[in-house]
Each structure stands twice: as C-alpha cells, then as structure tokens.
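Descriptive structure summary
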Amino acid sequence: MNFLLEAKLMDFHLDGLLNLPDITIERCIKNDTKTILKVGFLTDHATCPHCQQSRDELHQIRPILIRDLPISGQLIELEIPRRQYYCNNCQKYFTEQLCFVDEGRRYTQRYEEYIYHRVQVTTVEQVKREEELSWDQVQGIFNHQRLQVKKSHGERLNV
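Just so we're clear, the structure is a prediction, and the values are computed from it rather than from any experiment.

**Some thoughts on the packing of helix H2 (residues 109-121) against helix H3 (residues 124-131)**
- Running from N to C, H2 and H3 cross one another at 135°; their axes reach a closest spacing of 9 Å. Between H2 and H3, the interaxial angle falls into the category oblique. When you trace H2 past H3, the crossing you get is right-handed. Here Tyr111, Tyr114, Ile115, Arg118 and Val119 of H2 lie close against H3, whose contacting residues are Val124, Val127, Glu130 and Glu131.
- For the contact of H2 with H3, the residue count by class is six nonpolar, no polar and three charged.

Quick look at the structure:
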C-alpha cells in the first residue's frame, strides 16, 4: 500500500473517531498533557439564519479553541475555524452555527454532558482538579446543562 493511500485511510479513521458532522482533522499537536486537533470543514457554505439561503461568500475566519472529551487521558481541544459569511440576500453578516457546540459556549455539547454527569456522582472540586478547569467553569457547565435538561423535560411534557 502506498503512503498517500495509507494517509487517506488514517485521516478517515481519525475523522470517524472524532465523530463530528462535516468535520475533518487536518493536524494534531500533542504535548504531555494536552492534544490540540486542528479541524476543518467538509463543506464550503452555511445557511443564513435570517433568510435560510445557503451562502458561500466567506467574509472572515477566526479560529477558536473548543474543549472536547478526553482521549486516553489526554485533554482534547479542537481548534475550529469559525467562519463568518456575508449574505447578499439580506445584506447581513452571520457566523455559522456549529451543531455540536451551543451558541456562545467553549465546550462541545458532549463534553458539557460528560462534566454534568461527573459532577452528579462526585464533586465540583474533584471534577475541577481532574479536568484542569476552574471551579467557576465546572459550575457554569453544570448550570448550563441543568437548564438544558429542564428544557428538554419541559418539551417532552408539552408534546
């Protein structure tokens, strides 16, 4: 098997391991305690939240770090290029929404759920220490997730 074919197979498996929609791993930077996965998008467009039209007029990209679930004891951060688009139809700028990160958050939804469940069986202090987060970060994640659980229970009751 040639090197390029092996590299393609490896990339496919890494993307599958990350299991996030329309995301590909472009680069991995690792030190003793943390791994940063630089990711890219498999699509080149986003839907305008104002008019619901698909847009590909990229205005700017601002990379952000998003915390994700640990892998093999390593803290994982995703470096995600946050893409801002211009919509010619509404003449407004918008930043594409990520389906795996709640708006304004710096953690994947699955990481926040993980922290929420860990706090329920241990303590904020223990999770803070083991996840290398501040007390306020752990408490903020817990409170955000508790609100999400309340919302989802309310929606189920109203159905």
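**Considerations on unusual backbone geometry**
- Residues other than glycine seldom take positive phi values, yet glutamine 52 does so here, at roughly 65°.
- Relative to the helices and strands, glutamine 52 resides in the loop between strand S3 (46-47) and strand S4 (54-55).
- Using a relative accessible area of 53% as the deciding quantity, one classes glutamine 52 as exposed.
- At glutamate 132, a position not held by glycine, the phi torsion is positive, near 55°.

**Description of the environment of aspartate 15**
- Residue placement: aspartate 15 occurs in helix H1 (residues 3-18).
- The spacing of aspartate 15 and valine 39 is 24 residues in sequence and 9.3 Å in space, taken between C-alpha atoms.
- Among all residues touching aspartate 15, those that are not within four sequence positions of it are Ile23, Thr24 and Ile25.

**Thoughts on the packing of aromatic side chains**
- On inspection of all chains with the given rule, the structure shows five aromatic pairs.
- Pairing tyrosine 86 with tyrosine 93 gives two aromatic rings, centres 4.9 Å apart and planes at 55°, and the pair type is tilted.
- Taking the relative accessible area as the measure of exposure, tyrosine 93 reaches 45% and is therefore partly exposed.
- Summarising the aromatic geometry, the rings of tyrosine 107 and tyrosine 111 are spaced 6.0 Å apart at their centres and angled 25° between planes, so their arrangement reads as stacked. The same class applies to tyrosine 107 as to tyrosine 111, namely buried.
- Site record: aromatic cluster; members linked through ring pairs are Tyr107, Tyr111 and Tyr114.

**A closer look at the side chain of aspartate 102**
- Its place among the elements puts aspartate 102 in the loop between strand S7 (92-95) and H2.
- Among buried charged residues, aspartate 102 stands out as having no salt bridge; its nearest opposite-charge side chain is arginine 105, 5.6 Å away.
- Within the structure, aspartate 102 has its side chain in polar contact with the side chain of histidine 144 (distance 2.8 Å).

Calculation criteria
- Residues numbered from 1 in each chain as written.
- Predicted model: local features only at pLDDT ≥ 70, side-chain atom pairs only at ≥ 80, totals over all residues.
- Heavy atoms only, no water.
- Axes fitted to C-alpha atoms, helices over the stretch in contact; angles between N-to-C directions.
- Helix = DSSP H or I, 4+ residues; strand = E, 2+ residues; numbered from the N terminus.
- Parallel < 35°, antiparallel > 145°, perpendicular 65-115°, else oblique.
- Left-handed = near helix turned anticlockwise from the far one by under 90°.
- Contact = heavy atoms within 4.5 Å.
- Nonpolar A, V, L, I, M, F, W, Y, C, P; charged D, E, K, R; others polar.
- Buried < 20%, exposed > 50% of the residue type's maximum accessible area, 1.4 Å probe, protein only.
- Phe/Tyr/Trp six-rings, centres within 6.5 Å; stacked < 30°, edge-to-face > 60°.
- Lys, Arg positive; Asp, Glu negative; His and termini not counted.
- Salt bridge = Lys/Arg side-chain N within 4 Å of Asp/Glu carboxyl O.
- Polar contact = N/O pair within 3.5 Å; in protein donor to acceptor, adjacent residues only side chain to side chain.

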